[in-house]
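Reading the structure
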Amino acid sequence: MAKYLLSVHSVEGEVGAPMTEEEMQQSWKEMNILNEEIKSAGAWVFGGALHEPDTATVVRVSDGEVLTTDGPFAESKEHLGGFYIIEAEDLDAALAWASKTTAVVKKPIEVRPFRDAEA
């Protein structure tokens, strides 16, 4: 089976209507149900939520010297908020998981296949 990255994208400064405690609990419940569904189907490889982009450190080499800088490399309003790594038979199956994921997290999901390690 092929591996796919389902990346959850957030937009900096984009704030939805505040959730009540009950709505927040329901949202977490829906995410846990989705995670268990992915695991039960045998598609789950790994997943996680990320801290905000201002916690990032970028590492690069310039003129043979390793440099580190605070913050994201790209200056963008959109950033990676979390991700799933799944196994799926094909792109259609990965897109089906992405459809379920976007319905629960209410954020755009980018689907990308991993390169074949043997290629």
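Up top is the structure these notes are about.
For clarity, every value in this text was computed on a predicted model and none was experimentally measured. (Residues numbered from 1 in each chain as written. Predicted model: local features only at pLDDT ≥ 70, side-chain atom pairs only at ≥ 80, totals over all residues. Heavy atoms only, no water.)

Re the layout of surface pockets
To find the voids left in a structure, one rolls a probe of water-molecule size over its atoms. Of the volumes computed, that of the largest pocket is approximately 1100 Å³. For the largest pocket, the lining is made up of 35 residues, of which V8, S27, M31, V105 and K107 are closest to its centre. Listed by contribution, the elements that provide at least two residues to the lining of the largest pocket are strand 1 (2-11), helix 1 (21-40), strand 2 (44-49), strand 5 (78-88) and helix 2 (91-105). At nine residues, the largest contribution of residues to the lining of the largest pocket is made by helix 1. Taken together, the residues of the lining of the largest pocket break down into 17 nonpolar, twelve polar and six charged. (1 Å grid on protein atoms, 1.4 Å probe; cavity = no way out; pocket = protein on both sides within 12 Å on 5 of 7 lines; lining within 4 Å. Points joined across faces, edges and corners; volume = space filled by probe spheres on them. Helix = DSSP H or I, 4+ residues; strand = E, 2+ residues; numbered from the N terminus. Nonpolar A, V, L, I, M, F, W, Y, C, P; charged D, E, K, R; others polar.)

Some thoughts on the nonpolar core
By size, the foremost hydrophobic cluster in this structure holds 16 residues, and its most contacted members are L6, I38, I86, I109 and V111. When residues of this core are traced back to their parent elements, those giving at least two are strand 1, helix 1, strand 5, helix 2 and strand 6 (109-113). In terms of residue count, helix 2 provides more of this core than any other element does, five residues in total. Excluding residues that lie within four positions of it along the chain, I38 makes contacts with A43, W44, Y84, I86 and W97. (Core = buried A, V, L, I, M, F, W, Y, C linked by side-chain atoms within 4.5 Å. Buried < 20%, exposed > 50% of the residue type's maximum accessible area, 1.4 Å probe, protein only. Contact = heavy atoms within 4.5 Å.)

A few points about helix 2
Because an α-helix packs 3.6 residues into every turn, residues spaced three or four apart end up facing the same way. With 15 residues, helix 2 should cover 21 Å at 1.5 Å per step; its first-to-last C-alpha distance of 20 Å lies within 8% of that length. Contact partners of the buried residues in helix 2: strand 1, helix 1, strand 5 and strand 6. The N-cap of helix 2, judged by a side-chain oxygen 3.2 Å from the amide nitrogen of D92 a few residues on, is D90. (Expected span 1.5 Å × (residues − 1). Polar contact = N/O pair within 3.5 Å; in protein donor to acceptor, adjacent residues only side chain to side chain.)

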